[in-house]
Amino acid sequence: MKFSMFSTRIPLAPVFLAYALALAAAAPAGAEVYAFRLTLDGDARVATVPQRTHEGAPYVSLRSLVQQLGGACEVVHGRAQVDFLGKSAWIAIGDRAVDASLSRFFLNHPVVRDNTDVLMALSDVSLFFAQAFRAALERETLSGTAAPAEEKEVPVVAEELPVPGSAPAHSAPSMFAEPPPYHPIETVILDAGHGGAETGCVGSAGFAEKDLTLSLVRRLKQRLGASTRLRVLLTRDEDVALAANQRADLANIQRGDVLISIHGGASYSPTAHGVEVFWTSGGTRPSNLGARGMAAQKDYGPESQAVAAVVAESLAQETGAPLRGVREAPCLLLKKVTMPGLLIEVGCMTTAAEESLLQTDAYQEKIADGIAAGLSRYMAAGESGQAAP
């Protein structure tokens, strides 16, 4: 699947002003028009957007702004996904919380939807790009006479995510203020995403996600079997389609201690690349214990997050790929298993260069090495008391 976008690159100030003023003239009478400029390696990208009003506050089109600056913005399952400069950020419509590759933080105002468009408060734009993408935008008012409504700032609450190479080897993940919870691991369940008629993402060169994931779990099983004492099982070892319930049942029946589901990523940005790791906090949910009746089943969210953080860091270090984020996301499979679980997107198959890389034996071996090293680090930290039992 290909997504089109419009990127404006203006190297000279006179050209920028002529272009911006032309758009300003086309804006509705009396409406403020704002120009946002981003300079990267001496090259200026410029976006001009008219002011929109929501509940008395000035807003602008986030979609138009991102697209003009060379990124992409789409609404997926009630959340705005922004892909920009090789990173991603998610914001639920009507919410202020931003879950980005580089940090988690809050905007001053919620993002809203206007038909097919996504709007962001004017006062949040610079904050959003700075926190989510480390991009500094310059803003200029081009037309209109009405002053924008007062921009009331609130403290930014940000949680930095681990950056590859930022922590010493064998250290606890930096996202935890205290030692993370430890869950002993003896049996690992490896899940190759998709399969059969469910191909998953297919890159421009025809490489199917289902083939990538199966190749990776086979390599990882071999790696773990050769270097650890772990018992390693696969939910599928052939090209078959399995529903989430079937995968979860297989993992639960085998009494796994951790489930690792392998996937290939996709992005609206044709230049996005890197690895992402997801975990799910399902909360307590009922479990049928037969004669003992119903009881609450443990929520493995904290343990899942702890494993995900260590594996993500090791995977990024081994492959040299950018770490696009370690984040919580709803996942039916991870909610249904009675063990910690994580879902790894090993690369963006919609990016041609990364699709080619993912097809090579050498890179697949690095991915397997990185995940195996992460599990080993997690277990070593727990057994030495660096992680909370």
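Computed from a prediction, not measured in an experiment: that's the story for all the values here.

Chemist: Mind showing me how you'd approach the overall build of the chain here?
Modeler: Looking only at helices and strands, the chain features 9 helices and 21 strands. Relative to its full complement of 389 residues, the chain shows a buried share of 53%. Across the chain, every contact between residues at least 6 apart in sequence was considered, and the portion connecting residues at least 24 apart equals 70%. When the accessible area of the chain is evaluated, it comes to approximately 17000 Å², of which 54% is carbon and sulfur surface.

Chemist: When you look at the pairing of strand β14 (residues 187-192) in this model, what are you seeing that I'm missing?
Modeler: Put simply, side chains in a regular strand alternate between the two faces of the sheet. Burial of β14 is extensive: 6 of the 6 residues sit out of reach of the surface. Here β14 shows a buried face lined by Thr-187, Ile-189 and Asp-191 and a second buried face lined by Val-188, Leu-190 and Ala-192. Where β14 meets strand β15 (residues 231-234), 4 bridges bridge the pair, whose relative direction is parallel. The partner of Val-188 across the bridge, within β15, is Val-232. Handedness of the β14-helix α4 (residues 209-227)-β15 crossover: right-handed.

Chemist: I tried to follow the environment of Glu-32 on my own but got confused; where do I start?
Modeler: Among the secondary structure elements, Glu-32 is positioned in the loop between α1 (13-26) and β1 (33-40). Judged by its relative accessible area of 5%, Glu-32 falls in the buried class. Taking the C-alpha atoms as reference points, Glu-32 and Arg-52, separated by 20 residues in sequence, lie 8.5 Å from one another.

Chemist: Honestly, the side chain of Asp-99 in this entry has me stumped. Any pointers?
Modeler: Relative to the elements of secondary structure, Asp-99 occurs in strand β8 (residues 97-100). Among the polar contacts listed, one links the side chain of Asp-99 to the side chain of Arg-104, at a separation of 3.3 Å. Residues contacting Asp-99, with those up to four places away along its chain left out, are Ser-88, Ala-89, Trp-90, Arg-104, Arg-327 and Glu-328.

Chemist: Teacher, can you tell me more about the packing of aromatic side chains here?
Modeler: Any pair of aromatic rings gets described here by the distance separating the centres and the angle formed by the planes. The final tally for this structure, using the stated rule, is 6 aromatic pairs. Ring centres of Phe-129 and Phe-133 lie 6.0 Å apart, and the angle between their planes is 50°; this geometry places the pair in the tilted category. You can see Phe-129 and its partner Phe-133 sitting in helix α3 (residues 125-133), 4 residues apart, about one turn around the helix. Overall, the relative accessible area of 0% leaves Phe-129 in the buried class. Clustering of aromatic rings is evident, with ring pairs tying together Phe-84, Phe-128, Phe-129 and Phe-133.

Chemist: Sorry, what's going on with the confidence of the model for the chain here?
Modeler: Low pLDDT marks stretches whose predicted atomic positions should not be read closely. Residues of the chain with pLDDT of at least 70 account for 77%, and the chain-wide mean is 79. Predicted confidence for residues 145-177 stays below pLDDT 50, and this span has 66 contacts to residues more than four positions away or in other chains.

Chemist: Honestly, the pairing of β1 in this entry has me stumped. Any pointers?
Modeler: For β1, a buried count of 6 out of 8 residues is recorded, marking the element as mostly surrounded by other parts of the structure. Strand direction decides the pairing type here: β1 and strand β2 (residues 43-50), joined by 8 bridges, are antiparallel. Each bridged residue has a counterpart across the sheet, and for Thr-39 the counterpart in β2 is Ala-44. Between the antiparallel neighbours β1 and β2 lie 2 residues, among them Asp-41 with a positive phi of about 55°.

Chemist: Can you help me understand the pattern of salt bridges in this one?
Modeler: Two side chains bearing opposite charge may form a pair once their charged atoms approach each other closely. According to the stated counting rule, one finds 16 salt bridges in the structure shown. Between Glu-74 and Arg-63 there is a salt bridge whose closest N-O contact spans 3.3 Å. Note that Glu-74 is positioned in strand β5 (residues 72-76) and Arg-63 in helix α2 (residues 62-68), a separation of 11 residues in sequence. Of the residues examined, Glu-74 reaches a relative accessible area of 25% and is grouped as partly exposed. Here Arg-63 falls in the buried class, since its relative accessible area comes to 16%. A salt bridge links Asp-237 to Arg-218; the shortest N-O distance between them is 2.9 Å.

Chemist: Just to check I follow, could you spell out the sheet that holds strand β11 (residues 117-121) for this structure?
Modeler: Sheet strands line up and pair through hydrogen bonds in the backbone, either parallel or antiparallel. Taken in spatial order, the 4 strands make up an open sheet running β3-β4-β11-β10, and their pairing is antiparallel. Either end of the sheet is taken by a strand with one partner, and the two such strands are β3 (52-54) and β10 (112-114). Across the sheet, the mean angle from the axis of one strand to that of its neighbour is 45°, orientation sign disregarded. The pairing of β10 with β11 spans 3 bridges and is classified as antiparallel. Looking across to β11, one finds that Arg-113 is bridged to Val-118.

Chemist: Looking at this model, I keep getting lost on the environment of Met-379. Mind explaining?
Modeler: Within the secondary structure, Met-379 is located in helix α9 (residues 361-383). Between the C-alpha atoms of Met-379 and Pro-184, which are 195 residues apart in sequence, the distance is 7.0 Å. Every residue in contact with Met-379, bar those within four places of it in the chain, is listed here: Tyr-182, Ile-185 and Leu-230.

Chemist: Just checking my understanding: could you explain the sheet that holds strand β16 (residues 258-265) for this structure?
Modeler: In space, the 6 strands of this open sheet follow the order β15-β14-β16-β21-β17-β20, with mixed pairing throughout. Looking at the sheet topology across the chains shown, the edges are occupied by β15 and β20 (323-328). Strand-to-strand, the axes of this sheet are offset by a mean angle of 20°, without reference to chain direction. With 6 bridges joining them, β16 and strand β21 (residues 341-348) adopt parallel strand pairing.

Cut-offs used in this document
- Residues numbered from 1 in each chain as written.
- Predicted model: local features only at pLDDT ≥ 70, side-chain atom pairs only at ≥ 80, totals over all residues.
- Heavy atoms only, no water.
- Helix = DSSP H or I, 4+ residues; strand = E, 2+ residues; numbered from the N terminus.
- Buried < 20%, exposed > 50% of the residue type's maximum accessible area, 1.4 Å probe, protein only.
- Contact = heavy atoms within 4.5 Å.
- Areas by Shrake-Rupley, 256 points an atom, 1.4 Å probe, with all protein chains shown as cover.
- Pairing = 2+ DSSP bridges.
- Right-handed = clockwise from strand over helix to strand, strands pointing away.
- Polar contact = N/O pair within 3.5 Å; in protein donor to acceptor, adjacent residues only side chain to side chain.
- Phe/Tyr/Trp six-rings, centres within 6.5 Å; stacked < 30°, edge-to-face > 60°.
- pLDDT = per-residue confidence, 0-100.
- Salt bridge = Lys/Arg side-chain N within 4 Å of Asp/Glu carboxyl O.
- Axes fitted to C-alpha atoms, helices over the stretch in contact; angles between N-to-C directions.

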